[in-house]
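Observations on the three-dimensional arrangement
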Amino acid sequence: MNRTVLIVLGVIVLVVLGGIGWAVGVNNDLVARDQDVKEKWAQVQNVYQRRADLVPNLVETVKGFAAQERTVLDEVTRARASVAGIKATPELLNDPQALQKFQQAQSELGGALSRLLVVVERYPDLKSNQNFLALQSQLEGTENRIAVERRRFNESVREYNTRLRLFPGSLVASFAGFRDKAFFEAAPGSEAVPRVKF
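Quick summary incoming for the structure in this document. In this text, all values refer to a predicted model and were calculated from it rather than measured experimentally.

Here we take up the overall build of the protein. Across its full length, the protein holds six helices and zero strands. Contacts in the protein between residues far apart in sequence, at least 24 positions, make up 79% of those at least 6 positions apart. For the protein, the exposed area adds up to about 12200 Å²; of that, 57% sits on carbon and sulfur atoms.

In total, this model carries three aromatic pairs according to the counting rule given. Here Y48 and F102 contribute two aromatic rings whose centre-to-centre distance is 5.5 Å and whose plane-to-plane angle is 75 degrees, an arrangement assigned as edge-to-face. Of the two residues, Y48 is situated in helix α1 (residues 2-65) and F102 in helix α3 (residues 96-120); the sequence distance between them amounts to 54 residues. Aromatic ring contacts, followed pair by pair, group W41, Y48, F102 and F153 into a single cluster.

This part is about the nonpolar core. The biggest cluster of nonpolar side chains holds 42 residues, and the ones touching the most others in it are W41, F102, L113, L116, F153 and F184. Those elements giving two or more residues to this core turn out to be α1, α2 (70-84), α3, α5 (130-165) and α6 (169-176). In terms of residue count, α1 provides more of this core than any other element does, 12 residues in total.

On to the environment of P168, then. Relative to the helices and strands, P168 is located in the loop between α5 and α6. For the pair P168 and V26, spaced 142 residues apart in sequence, the C-alpha separation works out to 9.4 Å.

Okay, the side chain of E149 next. Relative to the helices and strands, E149 is located in helix α5. For E149, a relative accessible area of 9% puts it in the buried group.

All right, on to the pattern of salt bridges then. Inspection of the entire model under this criterion finds 10 salt bridges. For K40, the salt bridge goes to D36, with nearest N and O atoms at 2.8 Å. Taken together, the residues K40 and D36, both in helix α1 and four residues apart, mark about one turn of the helix. By relative accessible area, which is 25% here, D36 ends up partly exposed. As a salt-bridge pair, R152 and E149 come within 3.2 Å of each other at their nearest N and O atoms. In this pair, R152 and E149 both sit in helix α5, three residues apart, roughly one turn of the helix. Judged by relative accessible area, which is 36%, R152 ranks as partly exposed. One salt-bridge network, held together by shared partners, links D29, R33 and R163.

Residues V5, L6, V8, L9, I12, V13, V16, L17, I20 and V24 make up a contiguous nonpolar surface patch of roughly 880 Å² in combined accessible area. With respect to the helices, strands and loops of the structure, I12 is situated in helix α1. Residue classification places I12 among the partly exposed positions, given a relative accessible area of 45%.

With that settled, consider the side chain of S156. Tracing the backbone shows S156 in helix α5. Take S156: its relative accessible area is 3%, and that puts it in the buried class. Among residues more than four places away in sequence, those in contact with S156 are R33, D36, V37 and K40.

Rules of the game
- Counting of residues starts from 1 at the beginning of each chain's written sequence and follows it residue by residue.
- Restriction of local features to residues with pLDDT of at least 70 applies here, the model being predicted, together with a cutoff of 80 or more for giving and counting side-chain atom pairs; totals for whole chains, interfaces and linings are based on all residues.
- Calculation of side-chain values draws on the structure's entire complement of heavy atoms; hydrogens and water are dropped beforehand.
- Think of it this way: any DSSP run of H or I at least four residues long counts as a helix, any run of E at least two long counts as a strand, and we number them from the N terminus.
- Should any heavy atoms of two residues lie within 4.5 Å, those residues are considered in contact.
- Accessible surface area values rest on a Shrake-Rupley calculation with a 1.4 Å probe, where residue burial reflects the displayed protein chains alone.
- Aromatic rings from Phe, Tyr and Trp, taking only the six-membered ring of Trp, are treated as a pair when their centres fall within 6.5 Å; an angle between ring planes under 30 degrees marks them as stacked, one over 60 as edge-to-face, and anything in between as tilted.
- Only buried residues count toward a nonpolar core, which is a set of Ala, Val, Leu, Ile, Met, Phe, Trp, Tyr and Cys residues joined through side-chain atoms within 4.5 Å.
- Buried means the residue's accessible area, taken with a 1.4 Å probe over protein chains only, is under 20% of the maximum for its type, while exposed means over 50%, and partly exposed covers the values in between.
- We define a salt bridge as a contact between a side-chain nitrogen of Lys or Arg and a carboxyl oxygen of Asp or Glu at a distance within 4 Å.
- Surface patches are defined over residues having more than 30% relative accessible area and no salt bridge, joining like charges when they lie within 9 Å and nonpolar side chains (Val, Leu, Ile, Met, Phe, Trp, Tyr) when within 5 Å.

Structure below.
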């Protein structure tokens, strides 16, 4: 009888240790994916900061040529200030409304920059200015980087959220306090083809 009890206890201990090992593995995987999301978010912030840093130089360059276009220049400056006023903390990833507000501010800055570039078309001397051309090229490259980093971020969020929801790992996730992360979404109206009018 003692031998049977020992075998049963041994099996129970193995099952418990296996369950604990499995739970630790799931938790560690979720932590790694959470860190991946945060790393991708930091890169998104990095390219947004690069754009914000380029804007004052672009505005000053255009100001020299297009002083009468004050409204557009002020709009760009206001949009940049709005973006700078939103603190993009890691907690932002867990708050879909705050992330939406951040996205909206970034979208407004992108729209203001687009309007600025349309204004530039009216100034042939500005379009051929080397400083402006270099800034415009950097800005275009930055916008491409933003798109790439947002895509990478969304892929990372998808992998994290999928792992979070898969059963039975979802049990560990709910017990450990892991929550879904929000995706970047297209700005409202972005499905419409932009109109360029000179």
